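Coordinate inspection notes
Here is what each chain is made of, one letter per residue.
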Amino acid sequence: MEWLHKSVLLNEVIDFIGLNKGTYADLTFGEGGHTEALLKGGAQEVWAVDRDLSAVKNYLKAGALSQDPRLKLHHRRFSEFPSLVGSQVFDGILLDLGVSTRQLISEERGFTFQKPGPLDMRMDQSQGPTLRELLERLSEEDLADILYYNADLKNSRALARKILNAFRAGKIESTQDLADCLGKRIGRTHPATVPFMALRMAVNRELEEIAETLPKLIDILKPGGRLVVITFHSTEDREVKTVFKRLAGRCICQELICQCSKDARVKILTKKPVEPSPEELSQNPRSRSAKLRCVEKI
Ligand SMILES: C[S@@+](CC[C@H](N)C(=O)[O-])C[C@H]1O[C@@H](n2cnc3c(N)ncnc32)[C@H](O)[C@@H]1O
């Protein structure tokens, strides 16, 4: 089996998570690169989940450390992780958000517009809705909100109208039709790149998963334990930053009289997000938008 995903910020993850002989969790397993680094670095145990069943199956079949008794790998969403672990607590937890290279380039999954694929985009193909089902039921206003709130797209209303008109006229049957409807490539970035990301985030409820899960992960960290999160887009990073600020007891409400809880549960260890080094950028251009943030449980 050929492994396609290059793990990003590998050394930085190991440093920030404070790797020792403890128990760790990798909640976005992918092709297992970060988990392998934790195990090779001496972790006593690594619990790992991925919502993509094929990622879990591929690794269990052919992964280098699939037989290592210290690895506990499950098919789950990370929002389900706290209820999976019972009374287990962790020294460090990692989330490396977004999609893996394998997911992105597998045309049958519908994440790419480079080749015609189905209107799917689900990371977990055992659960709906697909992109097609979403487009069938969304109003123009809802779709515009998705494009605006998930990806800061300023022309979201016009884009939503264009997509739904073409979809309802039967002109969008594949990811390539959808990309064609969004325009032709001028320069380096195809105009479909950001709308595709926004739609993928909606299909998989990605921002909701982050907002719902991060506070619960603090409950299953040991005091002094670290939560490390890697994001790939400004809206994801903003969400993580806001949740971390709230958990650190900082004001995020912008009210005249602050409504925020001042109970600090964590200390923020990254005032500014950590980004890939020039060496990593030259070896792995896909890492260019990666940002790492870390908090420590008080
Ligand atoms: C960027 S890749 C992770 C790559 C991995 N760190 C590695 O080194 O191979 C993101 C992975 O997270 C998974 N994922 C995304 N959101 C998830 C969620 N809410 N619950 C569980 N897995 C999720 C995706 O299916 C994908 O496999």
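For clarity, every value in this text was computed on a predicted model and none was experimentally measured.

Quick notes on the rules
- Residues numbered from 1 in each chain as written.
- Predicted model: local features only at pLDDT ≥ 70, side-chain atom pairs only at ≥ 80, totals over all residues.
- Helix = DSSP H or I, 4+ residues; strand = E, 2+ residues; numbered from the N terminus.
- Buried ≥ 20, exposed ≤ 12 C-beta atoms within 10 Å, placed from the backbone.
- Near = placed C-beta within 6 Å.
- Nonpolar A, V, L, I, M, F, W, Y, C, P; charged D, E, K, R; others polar.
- Contact = placed C-beta atoms within 7 Å.
- Domains from an automatic or database assignment.
- Axes fitted to C-alpha atoms, helices over the stretch in contact; angles between N-to-C directions.
- Parallel < 35°, antiparallel > 145°, perpendicular 65-115°, else oblique.

So, about unusual backbone geometry. Of note, the bond from Gly128 into Pro129 is cis; its omega dihedral lies within 30 degrees of zero at -5°. Examined against the element boundaries, Pro129 turns out to sit in the loop between α5 (101–105) and α6 (131–137). Residue Asp152 is not a glycine yet carries a positive backbone phi of 60°. Among the structural elements, Asp152 can be located in the loop between α7 (140–151) and α8 (156–168). Its 14 C-beta neighbours within 10 Å are what place Asp152 among the partly exposed residues. Not every positive phi belongs to a glycine, and Gln254 is a case in point at roughly 55°. If you trace the backbone, Gln254 turns up in the loop between α12 (234–247) and β6 (266–268).

This part is about the environment of Lys57. Relative to the helices and strands, Lys57 resides in helix α3 (residues 53–62). Expressed as a C-alpha distance, the spacing of Lys57 and Arg109, which sit 52 residues apart in the sequence, is 16 Å.

It is worth spelling out the site of the ligand at this point. The environment of the ligand is made up of 22 residues, and the closest members are Ser7, Thr28, Gly30, Gly33 and Arg51. Sorting the residues of the shell around the ligand by element identifies α2 (33–40) and β2 (45–50) as the ones contributing at least two each. A per-class count over the shell around the ligand returns six nonpolar, nine polar and seven charged.

Relative to the elements of secondary structure, Leu94 occurs in strand β4 (residues 90–96). Looking at Leu94, the number of C-beta atoms within 10 Å reads 28, which means it is buried. Taking the C-alpha atoms as reference points, Leu94 and Arg226, 132 residues apart in sequence, are found 8.5 Å from one another. Those residues in contact with Leu94 that lie beyond four places of it in its chain are Val13, Ile17, Asp26, Leu27, His34 and Val228.

A separate point is the domain arrangement of the protein. Its domain assignment divides the protein into domain 1 (10–102 + 214–297) and domain 2 (125–203). Domain 1 and domain 2 are separated by 29 Å when their C-alpha centres are compared. Tallying the contact residues gives four residues for domain 1 and five residues for domain 2. In terms of residue class, the side of domain 1 that touches domain 2 is built from one nonpolar, three polar and no charged.

Two elements in contact, α7 and helix α10 (residues 193–203), have axes whose closest approach is 9 Å; the angle formed by their N-to-C orientations is 100°. By the angle class used here, α7 and α10 are roughly perpendicular. Contact residues: Ile146, Leu147, Asn150 and Ala151 in α7; Val194, Pro195, Met197, Ala198, Leu199, Met201 and Ala202 in α10. Among the residues forming the contact of α7 with α10, the class breakdown is ten nonpolar, one polar and no charged.

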